[in-house]
Amino acid sequence: MAVQLSGLWLPNSQLPGNFLQCPRTKPKLSSTALSATASLSSPPPTIQIVGGKTPSWYENGNGNPNSTLDGSQIESDWVDLDADLYYWTKALRPVQWYPGHIAKTEKELKEQLKLMDVVIEIRDARIPLSTSHPQMDSWLGNKKRILVLNREDMISTTDRNAWATYFARQGTKVVFSNGQLGMGTMKLGRLAKVLAADVNVKRRAKGLLSRPVRAGIVGYPNVGKSSLINRLLKRRMCPAAPRPGVTRVLKWVRFGSDLELLDSPGIIPMRISDQTAAIKLAICDDIGERSYDVADVAAILVQMLTRIPSVGIKALQSRYKIDVDGQCGKIFVQKLAIHLFNGDIHQAAFRILSDFRKGKFGWIALERPPM
């Protein structure tokens, strides 16, 4: 028995059991309904990615945004994409990842927070909302905070400006950085010292000696915390690698004579209730690979890319030299497996995810600021 894909035949044994054909239609979900139901669980274990609504920037369905759109139209289209993403993730096995060292780290970090003068929260610039820990505000309270959107080199100038405006309106101090090249690190160090300058003013007023400013570096796994510290120190003081879970213990390091930095392992909620955020974490490699099915995540990424104006269907066709059947990610992954990997779905899916992470489709964010 075999499955036919556009004239090609693939043995059923090479397809994962939960890798089903795409339904043609789905019910429409409003943005209000989306926000109201985002935290509901999704029990069925099988994948059911659906076609969704073709956004208005694809006038003829070919993925080419030829017309000029105003800002409100673009933001509306992003809301539609988020609604579609919610439906695509409903039937997937929930993405959950909570290694044993994180629980210990979370407890120790809460104790260390008492010693910090300023907290530097690192997020992935491609998904600033999905890499925001839901309990961070309650942990930090009134502590001074700097928000760093790392990997600014992996998003467009338009995306960067949109997020800069959003956080400026909120009164949040934000620094854009590139931990690999060191861009933004010196500004971050200066800002941390300025924000905590009153610490030593108060100490001197009490007749105490000045001490280095203590800054804690916190954030999700693999968002670039250790790389940022190494670039700031201009030497490799903290272990760093492009995968989640490398840093496993808290470590204080000194920067000059007036700044101490705490490198911490990535912290993530014990249970991720928002599965659309979980899928974005998987796409951006900000969560352990064992927590998700690579083929499922790659199929969803394909469907997202076809709906993002700067990418579209033609970018996928151009890169892989195969046709995109409608906007069904599963069929595309299957065809790529036949075309390049002798029917190996896992290799095909991993190639798509790897290409996105390396910027082969251009540097794009997967989130836009809320309207």
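Above this text sits the structure in question.
Here is a short report on the structure shown in this document.

### Things to note about the pattern of salt bridges
In step 1: A full pass over the atoms with the stated rule returns 17 salt bridges.
In step 2: The shortest N-O distance in the salt bridge between Arg145 and Glu121 comes to 3.1 Å. Within this pair, whereas Arg145 is found in strand β4 (residues 144–150), its partner Glu121 is found in strand β3 (residues 118–124), the two being separated by 24 residues in sequence.
In step 3: A salt bridge links Arg160 to Glu152; its shortest N-O distance comes to 2.9 Å.
In step 4: Classification of Glu152 by relative accessible area gives buried; the value is 15%.

### Observations concerning helix α5 (residues 157–170)
An α-helix turns once per 3.6 residues; consequently, residues spaced three or four apart project the same way.
In step 1: Over its 14 residues, α5 runs 20 Å from end to end, which matches the ideal 20 Å to within 8%, given 1.5 Å per residue.
In step 2: Where α5 is concerned, the buried positions are Asp159, Ala162, Trp163, Tyr166 and Phe167. Taken end-on, α5 shows its buried residues confined to a sector of 120°, consistent with a single buried face. In α5, those exposed residues whose orientation departs by more than 90 degrees from the buried face are Thr157, Thr158, Ala168 and Arg169.
In step 3: At the C-terminal side of α5, Gly171 shows a positive phi close to 80°.

What counts and what doesn't
- Residues numbered from 1 in each chain as written.
- Predicted model: local features only at pLDDT ≥ 70, side-chain atom pairs only at ≥ 80, totals over all residues.
- Heavy atoms only, no water.
- Salt bridge = Lys/Arg side-chain N within 4 Å of Asp/Glu carboxyl O.
- Helix = DSSP H or I, 4+ residues; strand = E, 2+ residues; numbered from the N terminus.
- Buried < 20%, exposed > 50% of the residue type's maximum accessible area, 1.4 Å probe, protein only.
- Expected span 1.5 Å × (residues − 1).
- Arc of directions from axis to C-beta.

Geometric values such as these leave the question of function open.
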